[in-house]
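Here's the letter readout for the chains.
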Amino acid sequence: MLLTVLIFIILLGALVLVHEWGHFIVARKFGVRVEEFAFGFPPRLASFTRRGTRYALNLIPLGGYVKIFGEGGGASNNPESFAARPVWQRLSIIAAGVVMNFVLAWVLFSIGHGLGLPTVLSDDAAADGVRVAVVGIGPGSPAEIAGIQFGDAITELRIQNEKFKIQTIDEVQKLVSKHRGEEMSVAITRGGHALEVVVVPRLEPPEGEGALGIAMARVGVVRSPWWRAPVDGAKTTGNATLAVASALGRSVRDFAIK
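Computed from a prediction, not measured in an experiment: that's the story for all the values here. (Residues numbered from 1 in each chain as written. Predicted model: local features only at pLDDT ≥ 70, side-chain atom pairs only at ≥ 80, totals over all residues. Heavy atoms only, no water.)

A. Inspection of the overall build of the chain at higher detail. Looking only at helices and strands, one finds five helices and nine strands in the chain. Mapped in sequence order, the helices and strands of the chain form the string α-β-β-α-β-β-α-β-β-α-β-β-β-α. Within the chain, the proportion of its 258 residues that are buried is 31%. Expressed as a percentage of contacts within the chain between residues at least 6 apart in sequence, the contacts between residues at least 24 apart total 56%. Roughly 16000 Å² of accessible area belongs to the chain as shown, and the carbon and sulfur atoms make up 63% of that amount. Of note, the chain has its 26 positive side-chain charges centred 13 Å away from the centre of its 22 negative side-chain charges. (Helix = DSSP H or I, 4+ residues; strand = E, 2+ residues; numbered from the N terminus. Buried < 20%, exposed > 50% of the residue type's maximum accessible area, 1.4 Å probe, protein only. Contact = heavy atoms within 4.5 Å. Areas by Shrake-Rupley, 256 points an atom, 1.4 Å probe, with all protein chains shown as cover. Lys, Arg positive; Asp, Glu negative; His and termini not counted. Charge placed at Lys NZ, Arg CZ, Asp CG, Glu CD.)

Here it is, written out as C-alpha cells:
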C-alpha cells in the first residue's frame, strides 16, 4: 500500500512539474514575468529566487502551480504582465501545460514500445512471454468462487491426473467444455508466483458466459525497433487521448440524462 502511494505521488509530481514547466517556459519566452514556480501546496518548506522567480518546494506533494505576473488581469500597462500580451500569446501560455503533458505521454509511450509493452495478440502473432491471461470474471462464477483474479495467466489444466499445457485460448475452451461438471485444477501465475486453484465448470452456464465464467486474451510483450518506437508511441498517445475523451463524453452524457 505504501509503495502504491509513493508511486502515485511520484507520477503525479512528474505530471505536475511537466505541465507547469510548459506554462513557465512559454511565459518566459514571451517576456512575461513568472513570480513563482512551486511544487506542492503550502506551507513552504524551502525556496530560492533566481532571475525574479521564486522556486519553492512545499509540504503537500499533491500538485503545484506557476504564479504569473498579471494573470488576474492587473498591470495591463506593464510589458511583463500576462494581461499586456496579445491574445495569441496568452492562449499559448495557457495551452502550453496541456501540450507538455502530451509530449510527456509520447516520450513515455515511445520508451515503453522500445522496451516492450504487454499487448493483446492474435492467435498467430509472435511475441515474448506469450500467455493466456484472464481479462474478465463473471460475478458468482466458478472462477470467482475459486479465487481466480483479473490478470492471472493460465499455464496448465489438470484433469483426472492428466496435465494439459496451455498455449492458446482455444485449448482452454475445448478442455473446459469437454469436462463440464468435473473437478479440475487450474495452474496459474500471478505476480510472478505459481498458484493452483480447484474449480468445477458449470454444466449450464448463464447466457453469454462460459462454463468457468472468464474472459481470456492471448497476451505477450511486443517490442518496437528503435526507429519505429516514436511512431508507435505517437499512435498510442493518440489512441489513449481518444479513449479518455470518449469516456469523459459518455460520463457527461450519462450525467445529463440522469
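B. Inspection of helix 4 (residues 169-178) at higher detail. Along helix 4, the positions that sit buried rather than exposed are I169, V172, L175 and V176. Down the axis, helix 4 shows its buried residues gathered within 140 degrees of arc, on one side only. In helix 4, the exposed residues that point more than 90 degrees away from the buried face are K174 and K178. The inward-facing, buried residues of helix 4 abut strand 4 (128-137), strand 5 (153-159), strand 6 (162-165), strand 7 (184-190) and strand 9 (214-222). (Arc of directions from axis to C-beta.)

C. Summary view of the nonpolar core. Of all hydrophobic cores here, the largest spans 21 residues; its most connected members are I154, L157, I166, V176, V186, I214 and M216. At the level of secondary structure, the elements contributing two or more residues to this core comprise strand 4, strand 5, helix 4, strand 7, strand 8 (193-199) and strand 9. When neighbours within four sequence positions are excluded, I166 is seen to be in contact with V132, I154, T155, E156, L157, E171, V172 and L175. In this structure, V26, V34, V66 and A96 belong to the second largest nonpolar core, which totals twelve residues. (Core = buried A, V, L, I, M, F, W, Y, C linked by side-chain atoms within 4.5 Å.)

D. Representation of the layout of surface pockets within the structure. Taken as a whole, the largest pocket holds about 320 Å³ of empty space. Forming the walls of the largest pocket are 14 residues, and the residues nearest its centre are L15, N101, L104, A105 and F109. The dominant element in the lining of the largest pocket, judged by the number of residues it contributes, is helix 2 (residues 87-115), at seven residues. As a volume, the second largest pocket reaches approximately 170 Å³. Together, I169, V172, Q173, V176, S177, R180, G210, A211, L212, I214, A215 and M216 line the second largest pocket. Contributing elements (two or more residues each) for the lining of the second largest pocket: helix 4 and strand 9. Here the lining of the second largest pocket takes five residues from helix 4, the largest share from any one element. (1 Å grid on protein atoms, 1.4 Å probe; cavity = no way out; pocket = protein on both sides within 12 Å on 5 of 7 lines; lining within 4 Å. Points joined across faces, edges and corners; volume = space filled by probe spheres on them.)

E. A look at the packing of helix 1 (residues 2-29) against helix 2. Interhelical geometry of helix 1 versus helix 2 gives an angle of 140 degrees and a closest axis separation of 7 Å. In this view, helix 1 runs oblique relative to helix 2, as classed from their interaxial angle. In the crossing of helix 1 with helix 2, the sense of the turn from one axis to the other is right-handed. Across the interface between the two elements, A14, L15, V18, H19, W21, G22, H23, V26 and A27 from helix 1 touch S92, I93, I94, A96, G97, V98, M100, N101 and L104 from helix 2. Among the residues making up the contact of helix 1 with helix 2, the classes are represented as twelve nonpolar, six polar and no charged. (Axes fitted to C-alpha atoms, helices over the stretch in contact; angles between N-to-C directions. Parallel < 35°, antiparallel > 145°, perpendicular 65-115°, else oblique. Left-handed = near helix turned anticlockwise from the far one by under 90°. Nonpolar A, V, L, I, M, F, W, Y, C, P; charged D, E, K, R; others polar.)

F. Quick peek at the side chain of E156. Among the structural elements, E156 can be located in strand 5. Polar contacts involving the side chain of E156 include one to the side chain of K165, which spans 3.1 Å. Beyond its immediate sequence surroundings of up to four residues, E156 is in contact with K163, F164, K165, I166, S185, V186 and A187. (Polar contact = N/O pair within 3.5 Å; in protein donor to acceptor, adjacent residues only side chain to side chain.)

G. How the structure looks around the pattern of salt bridges. With the rule as written, the count across this model stands at eleven salt bridges. The partner of R228 in a salt bridge is D232, with the nearest N and O atoms 3.1 Å apart. Overall, the relative accessible area of 34% leaves R228 in the partly exposed class. Each of the salt bridges in this network shares a partner with another, and the network as a whole consists of E156, R158, K165 and E196. (Salt bridge = Lys/Arg side-chain N within 4 Å of Asp/Glu carboxyl O.)

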